[in-house]
Amino acid sequence: MLVNFKRVTTLVSFIRRCSTLSKSLPELTKDRYPNIKRGDYAELNQNHLDYFHGLLGQNRVLSDPSDCEMYNIDFIKGVRGYSQCVLKPQTTEEVSKILSFCNQHRLAVCPQGGNTGLVGGSVPVFDEIVLSTSLMNNIISIDNISGVVVCEAGCILESLDDVLREKGLMMPLDLGAKGSCNIGGNVSTNAGGLRLLRYGNLHGSVLGIEAVKANGDVIDCLSTLKKDNTGYHLKHLFIGSEGTLGIVTKVAVHGPSKPKSLNLALLGLHSFENILQTYERAKNDLSEILSSCEMMDERSLDVVTSHLKLKSPIGDFPFYMVVETSGSNEKHDEEKLNAFLEGVMSEGIVADGTVTNEPGKMRAIWDLRERITEGLLHDGYLFKYDISLPIKEFYSLVPKMKERLGSDASRVSGYGHIGDGNIHLNISVPEFSPDILKKVEPYVYELTSTYKGSISAEHGVGFRKPPYIHYSKSENAISLMKDLKKMMDPNGILNPYKVLPS
Amino acid sequence: MVRVLVGVKRVIDYAVKIRVKPDKMGVVTDGVKHSMNPFDEIAVEEAVRMKEKKVASEIIAVSCGPPQSQEVIRTALAMGVDKGIHVEVSGSEYETLQPIHVSKILAKIAQKENVDLIIVGKQAIDDDSNQTAQMTAAVLNWPQATFASKVEKGDKELTVTREVDGGLETIKCKIPAVISADLRLNEPRYATLPNIMKAKKKPITKMTPQDLGVDISPRIKILSVEDPPVRQAGVILPDVDSLVTKLKEGGHIP
Ligand SMILES: Cc1cc2nc3c(=O)[nH]c(=O)nc-3n(C[C@H](O)[C@H](O)[C@H](O)COP(=O)(O)OP(=O)(O)OC[C@H]3O[C@@H](n4cnc5c(N)ncnc54)[C@H](O)[C@@H]3O)c2cc1C
Ligand SMILES: Cc1cc2nc3c(=O)[nH]c(=O)nc-3n(C[C@H](O)[C@H](O)[C@H](O)COP(=O)(O)OP(=O)(O)OC[C@H]3O[C@@H](n4cnc5c(N)ncnc54)[C@H](O)[C@@H]3O)c2cc1C
């Protein structure tokens, strides 16, 4: 009766991950949002399919409705398109030929990576052809000295990270969706995540990009240099443009060194004020070894403890923080961390907590924070907001929305990247209702705007927020964006109905 | 109330990928994250719960191993153990240290410290011996209750539920006794910050096997350590036709 400990724990986590929900399909986007009209695009016909079959073969063109289904529905099951064609190119050349063909025939295209996007940008609104990068997943090169990795857009973030870690390096970004999201999707959304605080955003760590424009032109800006000031910095146009200006096919990313020493603390706190004090202390006391600083309120933690049956290792508090340090010297880091923890505990800023450097325990603590997004799906329908606010106002939307919605909402919760001033506000309702939507939007954006925050901190604009982009960008800025879009994609075939207001 | 002794071994963390040394004489341990053997954590948890229920009066944690073993003793102290004993064994001696040696050490300490109950993990996840509890009971001539998934203390005896092949067995045994903890005995707690701080002030006594009069000269010689056979990498095929072709090529189907 020798039960192997490793086997048991892997099995448990496997079963856990299999227990996803099987729910009925969400309503078609065209029906739920009747105000949005299909653009003047061609409809897919047999000739088009014949061309794609000729280019990609039978197996990399999906046209069976059941094969296409998962590409039509987004992660949070909030929107659903009815595309009847999914293309899976393997090379930049194939992407170029597809786009050039679609541009000539005015066929709209929706680029898709791991389909973990949270703003409905990664799935068709109507019948746009889905261009999936999932088969473009080769790593082209890794330079051990500079840390630069060059790879194709469809590489899964976690797989890249695993390969880099073997070489003493790591990816500069990490997020809950790492097992599914693609680096191309990360770049296209300028994804932030759990370590932005330490390693900065992708505008800094992406060194080069190869992308294909709507007309099929390949733009080679795949520099692997840290410094390259020749001409305009075109790569930034593709970072965060959510597939509306071009399709990213290759990426060069700067991977920092993998830390030799890691520590993780989970803290319980009595008030949001205490979170601010703790964050300030963490910045000062831990400075260069601080690698993540996250917060969650009790209702967010409840999502993973009640729906996903995870266990919190500490008692119940209104607020929690996850503080991570990474460095190169265990003794040094532990000494700093202990001094910090002793300080905040003895001053009563932190009520309770735990700290560990054991990988299994660190994973368990991270799961409490990272699996909130997944757990929230069990609540029913979600109104999800991803908002940047001045740090003092970080939490202010949560009580305001709670009060406004009263019993309409089954849960109003807030968690996120306190170190980056980015909160994820989630309003759970048993099911979608236009009346509740009207209570929430645009109020939540107006409120954000009065605090001078951003209505999209890291998830992007996608399908959900174009009408509200003006809350965070001036008229002239939006008009310049439109000019750029017109210049780069005159027929508007790339990811229509997304990002820019009509 | 009983006095409890728990064994805590420092092992490579279960989440770490194990690598065999190039000379095949052991596994790489330098710079590799170590933690308390998970089954020992369960043993510690059980002892601490006994103390919380006022069944136990004092808990002592013992670790045999190199100086870094004190880290797992500290963890045990932070979980609620009262004092630690570090029996220092390092270098080549540690590589050949086996349950036969550890059980004698535990037995000696149990006698010296007047303990009534020894709880150890059912096995250590590094060399999977599953012998220490049994041998310790033999050395002391105490009853043993192995693979425990539930422990209840009566007046002068224990009722222990054991995980055996095909089900659960419930036994009674007299105290003093040796228990080995199975996976489902309990779910170990995380040390809380106040307890981690308090643990820094709890005492750890250092001694050697010689101090205890235990001979740890090797009984075995390691001939070689090998990686398990590598599984061939899988391939993802685009469709059923190519799957059938592949299966035919490999001679798996006619
Ligand atoms: C001793 C010395 C050391 C240097 N070391 C470095 C170094 O380590 N790294 C480095 O990168 N450079 C270095 N430089 C170059 C130079 O200092 C930098 O390029 C600096 O950023 C230029 O700033 P400036 O205000 O002098 O700009 P200027 O020289 O006045 O202008 C530079 C360019 O920017 C344009 N420009 C200036 N202001 C504006 C504005 N507000 N809006 C739009 N366009 C504008 C100008 O038209 C011009 O094309 C060094 C120069 C010297 C003399
Ligand atoms: C559990 C969970 C946790 C998350 N946590 C975070 C977080 O902490 N921080 C964060 O920023 N986001 C987070 N997200 C959101 C999401 O994971 C990120 O936006 C991610 O970068 C999307 O990558 P993807 O490959 O899934 O892209 P998709 O969802 O497939 O696409 C996202 C957008 O990019 C476009 N796109 C995709 N690939 C390309 C390409 N090659 N070229 C051009 N356009 C392309 C799509 O058209 C779409 O508009 C989370 C999501 C989940 C489900």
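Computed from a predicted structure; not experimentally measured.

Another aspect to go through is the sheet that holds strand E3 (residues 109-112) of chain A. All names here are of chain A. Spatially, four strands are ordered E1-E2-E4-E3 in an open sheet, and the strand pairing comes out mixed. The open sheet is flanked by strand E1 (61-62) and E3, the only strands paired with a single partner. In terms of strand pairing, strand E2 (residues 86-87) meets strand E4 (residues 129-132) through two bridges, oriented parallel. By the bridge assignment for E4, Leu87 is matched with Leu131.

UniProt marks residues 24-216 of chain B with the feature "domain: Electron transfer flavoprotein alpha/beta-subunit N-terminal" (unreviewed entry), using the numbering shown here. Between the C-alpha atoms that bound residues 24-216 of chain B there is a distance of 23 Å. The span itself is 32% helix and 31% strand.

Looking now at a nonpolar patch on the surface. All names here are of chain B. Taken together, the side chains of Val240, Val244 and Ile253 present a nonpolar region at the surface, about 220 Å² in accessible area. In this fold, Val244 is placed in helix H7 (residues 240-249). Judged by relative accessible area, which is 31%, Val244 ranks as partly exposed.

Now for the packing of helix H11 (residues 272-286) of chain A against helix H13 (residues 330-346) of chain A. Residue and element names in this part refer to chain A. At a minimum axis distance of 10 Å, the contact between H11 and H13 shows a crossing angle of 150°. Between H11 and H13, the interaxial angle falls into the category roughly antiparallel. In this structure, H11 crosses over H13, and the sense of that crossing is right-handed. In this structure, H11 uses Thr278, Arg281, Ala282, Asp285 and Leu286 to contact H13, whose residues at the interface are Lys336, Leu337, Phe340, Gly343 and Val344. Counted by class, the contact of H11 with H13 contains five nonpolar, two polar and three charged residues.

Conventions we followed
Residues numbered from 1 in each chain as written. Chains lettered and ligands numbered in written order. Predicted model: local features only at pLDDT ≥ 70, side-chain atom pairs only at ≥ 80, totals over all residues. Heavy atoms only, no water. Pairing = 2+ DSSP bridges. Helix = DSSP H or I, 4+ residues; strand = E, 2+ residues; numbered from the N terminus. UniProt positions renumbered as here; feature names shortened; annotations may be inferred. Patch = residues over 30% accessible without salt bridge, like charges linked within 9 Å, V, L, I, M, F, W, Y side chains within 5 Å. Areas by Shrake-Rupley, 256 points an atom, 1.4 Å probe, with all protein chains shown as cover. Salt bridge = Lys/Arg side-chain N within 4 Å of Asp/Glu carboxyl O. Buried < 20%, exposed > 50% of the residue type's maximum accessible area, 1.4 Å probe, protein only. Axes fitted to C-alpha atoms, helices over the stretch in contact; angles between N-to-C directions. Parallel < 35°, antiparallel > 145°, perpendicular 65-115°, else oblique. Left-handed = near helix turned anticlockwise from the far one by under 90°. Contact = heavy atoms within 4.5 Å. Nonpolar A, V, L, I, M, F, W, Y, C, P; charged D, E, K, R; others polar.

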